[in-house]
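What follows is each chain in one-letter form.
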Amino acid sequence: MKAKKTNELKLTLPALSANESAARAIVGAFCAQLDPTVEEIADLKCAVSEAVTNCIVHAYGGEGGIIYISVSLFDDRSITVTIRDRGCGIADVPLARQPLFTTNTDGERSGMGFSVMETFTDRLTVRSRIGEGTRVTMKKCLS
């Protein structure tokens, strides 16, 4: 039987590094209504941080833009978070998902963003088009 959506949050934020912590806190607070464990909420917040940071650093190159966040809660205690941008897009998604791959050459990025998102969620989907942006969808199933 398909899970029924019980609540939804839609949020848009400017792609500023100061808003990474806001996105993390807002998503965490919204998901708290499903009474997740401390570990579950920490995992989800970490994955959200990575996705939002990717938008800021890679999609928009720190030059600003909008980050679109959608969170859906379901009656089977699952959560779906979609983080989308209208930035530069990813030329090779499978390559970008490889651990340690990064397009950032300043030495400040580890290339572990997608690996972290995969580790802390139950399913990760990445869709991207050059010049149109990227959509990252993460699913977390609570115990």
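Residues numbered from 1 in each chain as written. Predicted model: local features only at pLDDT ≥ 70, side-chain atom pairs only at ≥ 80, totals over all residues. Heavy atoms only, no water.

Can you walk me through the side chain of Asn-54 in this structure?
Mapped onto the elements, Asn-54 comes out in helix α2 (residues 38-59). With a relative accessible area of 18%, Asn-54 lands in the buried category. Discounting chain neighbours no more than four positions away, the residues touching Asn-54 are Ala-59, Phe-114 and Met-117. (Helix = DSSP H or I, 4+ residues; strand = E, 2+ residues; numbered from the N terminus. Buried < 20%, exposed > 50% of the residue type's maximum accessible area, 1.4 Å probe, protein only. Contact = heavy atoms within 4.5 Å.)

I keep staring at the sheet that holds strand β4 (residues 123-129) and nothing clicks. Help me out?
Paired through backbone hydrogen bonds, the strands of a sheet run either parallel or antiparallel to each other. With antiparallel pairing, the five strands of this open sheet are ordered in space as β1-β2-β3-β5-β4. Each having just a single partner strand, β1 (5-14) and β4 make up the two edges of the open sheet. Here the average twist between neighbouring strands, direction ignored, is 10°. (Pairing = 2+ DSSP bridges. Axes fitted to C-alpha atoms, helices over the stretch in contact; angles between N-to-C directions.)

Is there a simple way to explain the nonpolar core in this structure?
Generally speaking, nonpolar side chains in soluble globular proteins are found buried as a group. Counting residues in each nonpolar core, the largest one holds 36 residues, and the members touching the most others are Ile-69, Val-71, Ile-79, Val-81, Ile-83 and Met-138. When residues in this core are grouped by element, the largest group, nine residues, is from α2. Those residues in contact with Ile-79 that lie beyond four places of it in its chain are Cys-31, Leu-34, Leu-44, Val-71, Ser-72, Leu-73, Met-138, Lys-139, Lys-140 and Leu-142. (Core = buried A, V, L, I, M, F, W, Y, C linked by side-chain atoms within 4.5 Å.)

Help me understand the pattern of salt bridges in this model?
Note on pairing: side chains with opposite charge can pair once their charged atoms come close. Inspection of the entire model under this criterion finds five salt bridges. For Glu-132, the salt bridge goes to Arg-129, with nearest N and O atoms at 4.0 Å. On the accessibility criterion, Arg-129 (56% relative accessible area) is exposed. A single salt-bridge network, built from bridges that share partners, covers Lys-5, Glu-8 and Lys-10. (Salt bridge = Lys/Arg side-chain N within 4 Å of Asp/Glu carboxyl O.)

Could you clarify how one ought to interpret the packing of helix α1 (residues 18-31) against α2 in this entry?
The axes of two packed helices give the description: the angle between them and the distance between them. Interaxial distance between α1 and α2 falls to 9 Å at its minimum, and their mutual angle equals 145°. Taken as a pair, α1 and α2 cross one another with a handedness that is right-handed. Residues Glu-20, Ala-23, Arg-24, Val-27, Gly-28 and Cys-31 of α1 pack against Ile-41, Leu-44, Lys-45, Cys-46, Val-48, Ser-49, Val-52, Thr-53 and Ile-56 of α2. (Left-handed = near helix turned anticlockwise from the far one by under 90°.)

For this particular structure, what's the right way to read the side chain of Asp-43?
On the secondary structure map, Asp-43 appears in helix α2. Given a relative accessible area of 13%, Asp-43 falls into the buried group. Engagement of the side chain of Asp-43 in a polar contact is seen with the side chain of Lys-140, the distance being 3.5 Å. If we skip the residues at most four places from it in the chain, Asp-43 touches Phe-120 and Lys-140. (Polar contact = N/O pair within 3.5 Å; in protein donor to acceptor, adjacent residues only side chain to side chain.)

Looking at this structure, I do not really get the pairing of strand β3 (residues 78-85). What am I missing?
Where a strand is regular, its side chains alternate between the two sheet faces. Of all the eight residues making up β3, seven are buried; the element is thus mostly covered by neighbouring parts of the structure. Hairpin connection of strand β2 (residues 66-74) to β3: three residues between the antiparallel strands, including Arg-77 at a positive phi of 70°. Bridging between β3 and strand β5 (residues 133-141) involves seven bridges; their strand directions are antiparallel. Paired with Ser-78 across the bridge in β5 is Cys-141.

Honestly, the environment of Cys-55 in this entry has me stumped. Any pointers?
Here Cys-55 is to be found in helix α2. When the C-alpha atoms of Cys-55 and Pro-99 are compared, they prove to be 18 Å apart, with 44 residues separating the residues in sequence. In this structure Cys-55 touches Tyr-60, Ile-67, Ile-83 and Asp-85, once residues within four positions along its chain are discounted.

Would you mind showing me how to read helix α4 (residues 113-120) here?
Because an α-helix completes one turn every 3.6 residues, residues spaced three or four positions apart along the sequence face the same direction. Listing the buried residues of α4 in full gives Gly-113, Phe-114, Ser-115, Val-116 and Met-117. On its buried face, α4 is in contact with α2, α3 (93-96), β4 and β5.

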